[in-house]
Amino acid sequence: MSHQFDCLVDTTEMAREIDSVKKHVNATTTAVVGMQAAVIKAQADGADHVCKKVNQGFYALIHSQISQKMASLQSKVDAHLLRLNQQRKQLAAIRQRMERDYQMLSGRYLKIFNSLNRNLRHRITEIDRPILNFATTEADKVTNRGNQLISTVPIGQSETIRTSQAVASSNLKYRASRAIESIESFIADSNRLKAITDRILLHRSISDDIDTVFVPVCIAQSNIDANGNIQTTINISEIGLSKDARQTIETRIATSCREDSMAWKKPEEIDPEIANYFSQMVASSGLPQRQRDTMLEMFGKNIFETL
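How each quantity is defined
- Residues numbered from 1 in each chain as written.
- Predicted model: local features only at pLDDT ≥ 70, side-chain atom pairs only at ≥ 80, totals over all residues.
- Heavy atoms only, no water.
- Helix = DSSP H or I, 4+ residues; strand = E, 2+ residues; numbered from the N terminus.
- Buried < 20%, exposed > 50% of the residue type's maximum accessible area, 1.4 Å probe, protein only.
- Areas by Shrake-Rupley, 256 points an atom, 1.4 Å probe, with all protein chains shown as cover.
- Patch = residues over 30% accessible without salt bridge, like charges linked within 9 Å, V, L, I, M, F, W, Y side chains within 5 Å.
- Salt bridge = Lys/Arg side-chain N within 4 Å of Asp/Glu carboxyl O.
- Core = buried A, V, L, I, M, F, W, Y, C linked by side-chain atoms within 4.5 Å.
- Phe/Tyr/Trp six-rings, centres within 6.5 Å; stacked < 30°, edge-to-face > 60°.
- pLDDT = per-residue confidence, 0-100.
- Axes fitted to C-alpha atoms, helices over the stretch in contact; angles between N-to-C directions.
- Parallel < 35°, antiparallel > 145°, perpendicular 65-115°, else oblique.
- Left-handed = near helix turned anticlockwise from the far one by under 90°.
- Contact = heavy atoms within 4.5 Å.
- Nonpolar A, V, L, I, M, F, W, Y, C, P; charged D, E, K, R; others polar.
- Pairing = 2+ DSSP bridges.
- Lys, Arg positive; Asp, Glu negative; His and termini not counted.
- Charge placed at Lys NZ, Arg CZ, Asp CG, Glu CD.
- Polar contact = N/O pair within 3.5 Å; in protein donor to acceptor, adjacent residues only side chain to side chain.

Caption draft 1: Looking closely at the overall build of the protein chain. What the protein chain contains, in helices and strands, is six helices and two strands. When the helices and strands of the protein chain are placed in sequence order, the string is α-α-α-β-β-α-α-α. The buried share among the 307 residues of the protein chain stands at 4%. With an accessible surface of roughly 27,200 Å², the protein chain has 59% of that area assigned to carbon and sulfur atoms.

Caption draft 2: Local environment of a nonpolar patch on the surface. Judged by side-chain polarity, M104, L105, Y109, I112, F113, L116, L120 and I124 come together as a nonpolar surface patch covering roughly 760 Å² of accessible area. Looking at the element boundaries, L116 is found in helix 1 (residues 12-127). Using a relative accessible area of 42% as the deciding quantity, one classes L116 as partly exposed.

Caption draft 3: Local environment of the nonpolar core. If you look at the biggest cluster of nonpolar residues, it comprises six residues: I219, I234, I236, L241, I253 and C257. Every element with two or more residues in this core is listed here: strand 2 (230-236) and helix 4 (243-258).

Caption draft 4: Spatial organisation of the environment of S285. Here S285 is to be found in the loop between helix 5 (272-283) and helix 6 (289-301). The class for S285 is buried, based on a relative accessible area of 14%. Spatially, the C-alpha atoms of S285 and R123 are 6.2 Å apart, while their sequence positions differ by 162 residues.

Caption draft 5: Spotlight on the pattern of salt bridges. Tallying each qualifying case throughout the model produces three salt bridges. The shortest N-O distance in the salt bridge between E99 and R95 comes to 3.2 Å. With E99 and R95 both in helix 1 and four residues apart, this pair spans about one turn of that helix. Judged by its relative accessible area of 57%, R95 falls in the exposed class.

Caption draft 6: Looking closely at the packing of aromatic side chains. Tallying each qualifying case throughout the model produces three aromatic pairs. With 6.4 Å between their ring centres and 35° between their planes, Y109 and F113 make a pair best called tilted. Placement of the pair is Y109 and F113 together in helix 1, with a separation of four residues, close to one helical turn. By relative accessible area, which is 49% here, F113 ends up partly exposed. Ring geometry for F278 against F299: centres 4.4 Å apart, planes inclined by 20°, an arrangement best described as stacked. Of this pair, F278 sits in helix 5 while F299 is found in helix 6, placing the two residues 21 residues apart along the sequence. By relative accessible area, which is 18% here, F299 ends up buried.

Caption draft 7: Structural detail: the confidence of the model for the protein chain. Looking at the protein chain as a whole, the pLDDT averages 78, with 83% of positions reaching at least 70. Taking the mean pLDDT of every element in the protein chain, the minimum, 66, falls on helix 2 (residues 129-148) and the maximum, 86, on helix 6.

Caption draft 8: Molecular detail of the packing of helix 5 against helix 6. In contact at an axis separation of 10 Å, helix 5 and helix 6 are set at 165° when each is read in the N-to-C sense. Between helix 5 and helix 6, the angle falls in the class roughly antiparallel. In this structure, helix 5 meets helix 6 at a crossing whose hand is right-handed. Packed against helix 5, whose contacting residues are I274, A275, F278, S279, V282 and A283, the element helix 6 presents R292, M295, L296 and F299 at the interface. Tallied by class, the residues present in the contact of helix 5 with helix 6 amount to eight nonpolar, one polar and one charged.

Caption draft 9: Representation of the pairing of strand 1 (residues 217-223). Sheet topology places strand 1 next to strand 2; seven bridges connect them, and they run antiparallel. Within strand 2, the position partnered with V217 by the bridge is I236. Connecting the antiparallel pair strand 1 and strand 2 is a turn made up of six residues, with G228 showing a positive phi of about 85°.

Caption draft 10: The arrangement of a negative patch on the surface in detail. Residues E268, E269, D271 and E273 make up a contiguous surface patch of negative charge. In this fold, E269 is placed in the loop between helix 4 and helix 5. Judged by relative accessible area, E269 falls into the exposed class, the value being 61%.

Caption draft 11: Structural view of the side chain of S285. Among the polar contacts made by the side chain of S285, one reaches the main-chain carbonyl oxygen of V282 at a distance of 2.7 Å. Apart from the residues lying within four places of it in its own chain, the contact partners of S285 are H122 and R292.

The structure is reproduced here in structure tokens:
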């Protein structure tokens, strides 16, 4: 059987405690919210710190790699620069050596060409000596003869007129004698040239009715190497001969040379006329005395054979 009891319970203390618990819960809630905010802030600060460190590490890595590449490339550039400087020095040395060689060769060839020019000038001068003498000496004499032979007006005392006339007459006689000597020399040279020409040239033209015609031919045989090979040179005058006649004579002489029908022999002495002509050529060449002496010595010691 159930019994119902009515009792009065005082909940003041419990309400007071619950009210204090509510304060603590609110404080705890505030603390939790603060802690959460602190945690969030700490997480954000940590994330920022981590990102900053990661960025610094990345930048440091990239900077290190770039520095390494720069150092590597700098070493390569320095090596290339060193090699280029060395090559530049070598090229400069080669250029200087080439300039010295060019100066030496140009100076050598300049001396050679100047020597050749002087020799050619002397030879041409000797060849055209009569014309040059006439142009430089005789022409001036002919041109100035009128001025030189102008009579002078004697002005002086009566005792000096006879002496002046004697001097003028003596000068006139001297110039007349020189003119006569020049005319005589010219006539003698002309006669000598005419005699030589008459002795060399034929008195009549070459035709079929002439049995024998003498033609001057120069034959020279020389050793061209150490094996004893002989080279034959044939020079035929082109005056008064046709091309076919020259070819026929050359063929005949070449055949005779191959058949050894021509005997060469050493002369007992050099022909005086040849030696005199060679000495005159050397003396009139205009070369230094040492070269002329060497040429005469080589000509005297030369051993040649004639047909």
